[in-house]
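# Architecture and fold: a report
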Amino acid sequence: MLDLAAVNGSLSAIGYGLAAIGPAIGIGLVFSAYIQSTARQPESSRMTLPYVWVGFALIEALALLGIAFGFVFK
Amino acid sequence: MTVLAESNIPFPPGVEDFYLPSLFGGGNWVTKFTLMVWLAVAVLIVFFLMAYRDPKLVPTRIQWMAESVYGFVRTGIAEDMIGHAGLRFAPYLTTLFSFLLLTNIFGIIPFIQISPNSHIAFPAALAVLSYLIFNWVGVRKHGFAKYMRNSLIPPAPWFILPILVPIEFFSTFIVRPFTLAVRLFANMFAGHVILLVFTLGGFVLLGAENVLVKPVSLISWVMAIALTFLEALVALLQAYVFVVLTSSYVQGALADEH
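If you're wondering where the values come from, they're calculated on a predicted model, not measured in any experiment.

Within chain B one finds seven helices and zero strands. The N-to-C order of helical and strand elements in chain B reads α-α-α-α-α-α-α. Rg of the C-alpha trace for chain B: 23 Å, well past the compact-globule value of 18 Å for 258 residues, more than 25% over. Counting only C-alpha atoms and orienting by the principal axes, one finds that chain B spans roughly 70 × 60 × 40 Å. Residues counted as buried form 31% of the 258 residues belonging to chain B.

Looking only at helices and strands, chain A features three helices and zero strands. Across chain A, helices and strands are ordered from the amino to the carboxyl terminus as α-α-α. What you see for chain A is a C-alpha radius of gyration of 19 Å, clearly larger than the 11 Å of a compact globule of 74 residues, by over 25%. By principal-axis analysis of the C-alpha atoms, chain A measures approximately 65 × 25 × 10 Å. Here chain A holds 74 residues, and the buried ones make up 9% of them.

This paragraph deals with the environment of glycine 191 of chain B. Residue and element names in this part refer to chain B. Following the sequence through the fold, glycine 191 ends up in helix 6 (residues 161-206). A sequence separation of 147 residues divides glycine 191 from leucine 44, and the C-alpha atoms of the two residues are 24 Å apart. In this structure glycine 191 touches Gly107, Glu231 and Val234, once residues within four positions along its chain are discounted.

If you want to describe how two helices pack, look at the angle between their axes and the distance between the axes. Residue and element names in this part refer to chain B. Contact geometry for helix 3 (residues 90-105) and helix 7 (residues 216-254): axes closest at 9 Å, N-to-C directions at 155°. Classified by the angle their axes make, helix 3 and helix 7 are roughly antiparallel. Crossing angle aside, the handedness with which helix 3 passes helix 7 is right-handed. Contacts from Leu93, Leu96, Phe97, Leu100, Leu101, Asn104 and Ile105 in helix 3 reach Ala232, Ala235, Leu236, Gln238, Ala239, Phe242, Val243, Thr246 and Ser247 in helix 7. Here the contact of helix 3 with helix 7 is composed, by residue class, of 12 nonpolar, four polar and no charged.

We now examine the nonpolar core. Counting 51 residues, the largest nonpolar core has Leu93, Phe97, Phe242, Val243, Leu245 and Val250 of chain B as the members making the most contacts within it. Contributions of two or more residues to this core are made by helix 3 (45-72) of chain A together with helix 1 (32-51), helix 2 (61-82), helix 3, helix 4 (121-142), helix 6 and helix 7 of chain B. The leading source of residues in this core is helix 7 of chain B, at 12 residues. Once residues within four sequence positions are removed from consideration, leucine 93 of chain B is found in contact with Val73, Ile77, Ala78, Val243, Thr246 and Ser247 of chain B.

For the rest of this paragraph, the subject is the packing of helix 3 of chain A against helix 6 of chain B. At a closest axis distance of 9 Å, the pairing of helix 3 of chain A and helix 6 of chain B adopts a crossing angle of 70°. Our classification of the angle between helix 3 of chain A and helix 6 of chain B gives roughly perpendicular. As helix 3 of chain A runs across helix 6 of chain B, the sense of the crossing is left-handed. Each of Ala57, Leu58, Glu60, Ala61, Leu64, Ile67 and Ala68 of chain A in helix 3 of chain A lies in contact with helix 6 of chain B, whose residues at this interface are Ser171, Val175, Thr179, Val182, Arg183 and Ala186 of chain B. In terms of residue class, the contact of helix 3 of chain A with helix 6 of chain B is made up of nine nonpolar, two polar and two charged.

Let us look at the environment of asparagine 104 of chain B. All names here are of chain B. Inspection of the secondary structure puts asparagine 104 in helix 3. We classify asparagine 104 as buried; it has 27 C-beta atoms within 10 Å. Sequence-distant contacts of asparagine 104, defined by excluding residues within four places in its chain, comprise Ser115, Asn117, Met188, Ala235, Gln238 and Ala239.

Residues and elements named next belong to chain B. The share of residues in chain B with pLDDT of 70 or more is 96%, and the mean pLDDT across the chain is 89. Averaged over each element, pLDDT in chain B is lowest for helix 6 (91) and highest for helix 3 (96). In the predicted structure, residues 1-5 sits below a pLDDT of 50 and forms six contacts with residues beyond four places in sequence or in another chain.

This part is about unusual backbone geometry. All names here are of chain B. The phi angle at phenylalanine 111 is positive, at roughly 75°, despite the residue not being glycine. When you line up the elements, phenylalanine 111 lands in the loop between helix 3 and helix 4. One non-glycine residue, glutamine 113, adopts positive backbone phi at about 55°. With respect to the helices, strands and loops of the structure, glutamine 113 is situated in the loop between helix 3 and helix 4. For glutamine 113, a count of 15 C-beta atoms within 10 Å translates into the label partly exposed.

Here is what the cut-offs are and how they apply
Counting restarts for each chain, with residues numbered from 1 along the sequence as it is written. Here the convention is simple: chains get letters from A, ligands get numbers from 1, in the order in which they are written. Given that this is a predicted model, residues contribute local features only at a pLDDT of at least 70 and side-chain atom pairs are listed and counted only at 80 or more, while totals for whole chains, interfaces and linings are drawn from all residues. For the purposes of this entry, the term helix denotes a DSSP run of H or I that reaches at least four residues, the term strand denotes a run of E that reaches at least two, and both are numbered from the N terminus. Radius of gyration here is computed from C-alpha atoms only, and the compact-globule reference equals 2.2 Å multiplied by the residue count raised to the power 0.38. Any residue whose C-beta has 12 or fewer other C-beta atoms within 10 Å is treated as exposed, any with 20 or more as buried, and any in between as partly exposed, C-beta atoms being built from the backbone. Note on contacts: residues are paired as contacts if their backbone-placed C-beta atoms lie within 7 Å. With axes taken as lines fitted to C-alpha atoms, and helix axes fitted only over the stretch in contact, angles between N-to-C directions fall between 0 and 180 degrees. Each angle receives one of four descriptions, namely roughly parallel if under 35 degrees, roughly antiparallel if over 145, roughly perpendicular if within 65 to 115, and oblique otherwise. With the far helix as reference, a near helix turned anticlockwise by less than a right angle produces a left-handed crossing, and one turned clockwise produces a right-handed crossing. Only Asp, Glu, Lys and Arg are considered charged in this grouping, and only Ala, Val, Leu, Ile, Met, Phe, Trp, Tyr, Cys and Pro are considered nonpolar; every other residue, Gly among them, is considered polar. In plain words, the nonpolar core is the set of buried Ala, Val, Leu, Ile, Met, Phe, Trp, Tyr and Cys residues that C-beta atoms within 7 Å link up. The predictor rates its confidence in each residue with pLDDT, a number between 0 and 100.

Have a look at this one:
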């Protein structure tokens with residue numbers, strides 16, 4: 001059979017692209033919540049900043065696990 | 001793309017582009033990365049020594065630069081994240097920040113153009129250092145048992161604890177150093193690959209058979225220039241994030257309650 005179109009390379013790249021959607025939305029939510037709360041209550045910006053970074057780190061951990069497992073499940 | 005890539009440019013850039021040849025032959029003990037790390041250490045030592053060799057009340061230009069970096073980390077990160085107890089970590093955090101910033105920015109400096117942090121070994125060593133520091137200060141302050149209780153047992157009803165304690169253990173003692181290292185590594189690695197794709201892609205398009213495809217290489221190179229600016233931003237941001245997360249972990253270890 002004649003191949004009209006062929007894709008070669010690693011499927012894990014596509015898988016990682018899909019896996020990164022969730023953390024992308026999550027990080028967007030974290031920072032949008034921080035910006036909103038700071039706009040409403042500017043003096044609370046220092047107070048909420050540690051939670052922002054902890055939340056950001058936890059969410060981005062998912063994307064980073066995605067990178068690692070892309071190499072693991074070859 | 002396979003039709004276009006008839007030239008001898010190794011087009012889809014891959015992991016093998018990060019394994020640079022040995023500089024002096026005989027094993028891979030001295031590569032460009034080794035030199036870059038030593039260069040970064042030397043530049044930082046000389047910079048901060050020169051800046052503070054003869055401090056003036058009205059700062060000279062180099063003294064002002066060093067003081068801005070130190071002041072930024074001291075008030076913007078150490079004091080904001082950890083509070084007053086964080087001031088004693090300011091020297092370490094400043095060293096970490098300036099080292100990371102310098103090694104990250106190597107990724108876009110002409111003729112260097114690759115960051116040592118795009119090899120997992122360098123971020124991993126720094127992440128292990130941060131891991132040891134935050135656990136050490138936590139154990140020093142609370143004692144081992146109380147530190148473990150603070151970091152592992154959240155204030156929650158007893159019947160949910162069997163689920164929460166393993167999660168807390170996993171997230172605090174396993175995920176933290178791993179993500180610190182991988183975040184920096186992945187950003188620097190991906191940044192270098194992206195620049196390679198657009199720069200080499202330009203040459204591949206230029207070498208295309210079709211005359212109409214050749215001008216597209218200009219777009220590719222314009223993208224490469226634009227992404228170089230993005231990389232400058234990423235270099236700064238990742239150095240900042242690494243230091244902020246380190247101080248956030250220190251703050252968590254020093255906190256009295258969970």
